[in-house]
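A structural walkthrough
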Amino acid sequence: NIRLKDDGASIIATTTIHGNKQVGVGKTAVVAGSSGYIGRACVRECVARGYNTIALVRDTSRASSDEALNGASLVKCDVTNEEEVQSLLKEIANGSHHLVNTATANGRTEIQSPPPVDLMISCLASPSGKESEVYAVDYQASLNLLNAGSQPSVEARHFILLSAFCCRNPILKLQQAKLEFEKKLAEQSDMTYSIIRPTAFFKSVSGQYDSILAGNSYVLFGDGAVTQCNPISEEELAIYMCDSSLEEYREQRWGKILNVGGPDEPLSNKMLGEMMFKAINKPAKFVYVPTEIFDISISMIEFIAKTWPSQKWEDVLETSKIGKYYAVEDMLTTKDEEKFGSISMMDHFEKIAREGQDPFTPVRATAIIAKTLEALPVVSVSVPLGLGLLSKPNLLENVMGSSPLDNVPILVAALNDNNIIS
């Protein structure tokens, strides 16, 4: 048996064979951001490869109920605390929180020496895109992880960074923070590394599923072909990421920025909507939103931010810019070497039609928008934004709650479903 020992507690854990090779046996993989959409997939993949997998989480009690994390050691860690991360990595390197072989030899139970830290994976990302959060999480927390793994007492071998395809055109704070860490990672020489920039996630282009299932129209920007994408599934992205650490990919993937998307040919937003309707066997129906609506909304918010300067309004402005960015920018790889996997978007839509929506899928406010646009002129979506914010300063906070990116479409005509924020 393989047992998981963490703070004196032992539970049975199982591993599976990946590709007929247990490439991680006798090695440790540390995954930060492991309770997120891609982080969970990376944990599953590391466990399947036989790694002693350490999943860093904020809440171990909550994470313990997540079957995707089975077989990993769940360790509470505040990744924004540099001293805590360094101390924890030393503990891991010394044998704490690790999977050990409890088989007996000569009548005695023998515990193997601590497996070396072979792989560190950062799937850290700010949930809001606000400036204060992106530099604390996307930059500093990942840097804390890198520095901790570089300690002489740890000497981790390879660092995998989950970055973002959108960093190629960095006009947003979240992109700039990711780029700053990418630069730090490239400058260091203590670890080999790979920087992975996926185009879009399946969850991010599925946000209107529940709305159209309820009978609403699919909301499109412009003519529905403003942007194109080829999203990649979470499980195949995790495979690509973990493969990138292997010696056989030294020449192709080490020390490089790797753009990667799924196997589909370019998909417009309208094509995604048509596929979604086909999966649920309903006739397609659409409403169209001019992309200029973002400029109207942003102008109103800029006026407020300049007239009543505060970090709050700067954050609101940044969030509205995020909305526009993902409505007008392609998330598409076209080179053969930048496509990976075999799971198509249609495969995903048919899956959620059978099994239900992935709980990690951000729920869009498109049902409200669709009904509004079908009944009123398009300006009705934008004008209330400025007037509402001016007359009720707490409106945005009440609507957005703790995660502006999930709900701000109510105010700025919905984020494009091609976004990859996790």
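Predicted, not measured: the structure shown is a model, and the values here were computed from it. (Residues numbered from 1 in each chain as written. Predicted model: local features only at pLDDT ≥ 70, side-chain atom pairs only at ≥ 80, totals over all residues. Heavy atoms only, no water.)

Along its length, the protein carries 17 helices and 16 strands. Within the protein, residue pairs in contact and separated by at least 24 positions form 78% of the contacts whose partners lie at least 6 positions apart. Accessible surface, the protein as shown: approximately 18000 Å² in total, 50% of it carbon and sulfur. (Helix = DSSP H or I, 4+ residues; strand = E, 2+ residues; numbered from the N terminus. Contact = heavy atoms within 4.5 Å. Areas by Shrake-Rupley, 256 points an atom, 1.4 Å probe, with all protein chains shown as cover.)

Attention shifts here to unusual backbone geometry. Non-glycine residue glutamate 155 carries a positive phi angle of around 50°. Mapped onto the secondary structure, glutamate 155 falls in the loop between helix H4 (131–149) and strand S10 (158–162). In this structure glutamate 155 comes out as exposed when scored by relative accessible area, which is 61%. One non-glycine residue, asparagine 281, adopts positive backbone phi at about 60°. Under the relative-accessibility criterion, asparagine 281 is labelled exposed at 71%. (Buried < 20%, exposed > 50% of the residue type's maximum accessible area, 1.4 Å probe, protein only.)

Another point: the sheet that holds strand S5 (residues 73–76). Ordered in space as S5-S4-S3-S9-S10-S11-S14, the 7 strands form an open sheet in which the pairing is parallel. Looking at strand neighbours, the two that pair on one side only are S5 and strand S14 (257–260), the edges of this open sheet. Strand-to-strand, the axes of this sheet are offset by a mean angle of 20°, without reference to chain direction. Inspection of the sheet shows strand S11 (residues 192–198) paired to S14 by 4 bridges, in the parallel sense. Considered in S14, the bridge of proline 198 is made with valine 260. Against the sheet, helix H7 (residues 234–243) touches strand S9 (117–122), S10, S11 and S14, its axis set at about 160° to S11. (Pairing = 2+ DSSP bridges. Axes fitted to C-alpha atoms, helices over the stretch in contact; angles between N-to-C directions.)

Turning next to the packing of helix H1 (residues 37–48) against H7. It is the contact of H1 with H7, at a shortest axis distance of 8 Å, that shows an interaxial angle of 60°. When the axes of H1 and H7 are compared, the pair comes out oblique. Here the hand of the crossing between H1 and H7 comes out right-handed. Of the residues in H7, those touching H1 at Tyr37, Ile38, Ala41, Cys42, Arg44, Glu45 and Cys46 are Glu234, Glu235, Leu237, Ala238, Ile239, Met241 and Cys242. (Parallel < 35°, antiparallel > 145°, perpendicular 65-115°, else oblique. Left-handed = near helix turned anticlockwise from the far one by under 90°.)

With that settled, the discussion passes to the packing of aromatic side chains. Inspection of the entire model under this criterion finds 7 aromatic pairs. When the centroid spacing of 5.8 Å and the interplanar angle of 45° are considered together, the rings of tyrosine 37 and phenylalanine 201 count as tilted. Here phenylalanine 201 lies in the loop between S11 and helix H6 (209–213) and tyrosine 37 lies in helix H1, a separation of 164 residues in the sequence. Its relative accessible area of 3% is what places tyrosine 37 among the buried residues. Considering the side-chain rings of phenylalanine 277 and phenylalanine 286, the 6.0 Å spacing of their centres and the 85° angle between planes classify their relative orientation as edge-to-face. By way of ring pairs, the aromatic residues Tyr218, Phe277 and Phe286 are connected into one cluster. Residue placement shows arginine 253 over the ring face of tyrosine 240; its charged tip is 3.9 Å from the ring centre. (Phe/Tyr/Trp six-rings, centres within 6.5 Å; stacked < 30°, edge-to-face > 60°. Lys NZ or Arg CZ within 6 Å of the ring centre and 35° of its normal.)

With that settled, the discussion passes to the confidence of the model for the protein. On average, residues of the protein score 83 in pLDDT, and 77% of them reach the 70 mark or higher. Confidence drops under a pLDDT of 50 for residues 1–20, and excluding neighbours within four residues, the segment shows 47 contacts in the predicted structure. This model gives residues 100–105 a pLDDT under 50, and the stretch forms 17 contacts once residues within four places in sequence are excluded. (pLDDT = per-residue confidence, 0-100.)

Within helix H12 (residues 345–355) the residues assigned to the buried category are Met345, Met346, His348, Phe349 and Ile352. The arc that holds the buried residues of H12, viewed along the axis, is 160°, so those residues lie on one side. Of the residues in H12, the exposed ones pointing more than 90 degrees away from the buried face are Arg354 and Glu355. Just downstream of H12, glycine 356 is the residue with a positive phi angle, here 100°. (Arc of directions from axis to C-beta.)

For the coordinates displayed, the defined rule picks out 11 salt bridges. Ionic pairing is found between arginine 40 and aspartate 66, a salt bridge with its closest N-O pair at 2.7 Å. With arginine 40 in helix H1 and aspartate 66 in the loop between helix H2 (60–63) and S5, this residue pair connects regions lying 26 residues apart in the sequence. Judged by relative accessible area, which is 15%, arginine 40 ranks as buried. With a relative accessible area of 16%, aspartate 66 lands in the buried category. In this structure, aspartate 243 and arginine 49 form a salt bridge, with 2.7 Å as the shortest nitrogen-oxygen distance. Taken together, the residues span a long stretch of sequence, with aspartate 243 in helix H7 and arginine 49 in the loop between H1 and strand S4 (52–57) at a distance of 194 residues. The exposure class of aspartate 243 is buried, given its relative accessible area of 12%. You can call arginine 49 buried: its relative accessible area is 1%. (Salt bridge = Lys/Arg side-chain N within 4 Å of Asp/Glu carboxyl O.)

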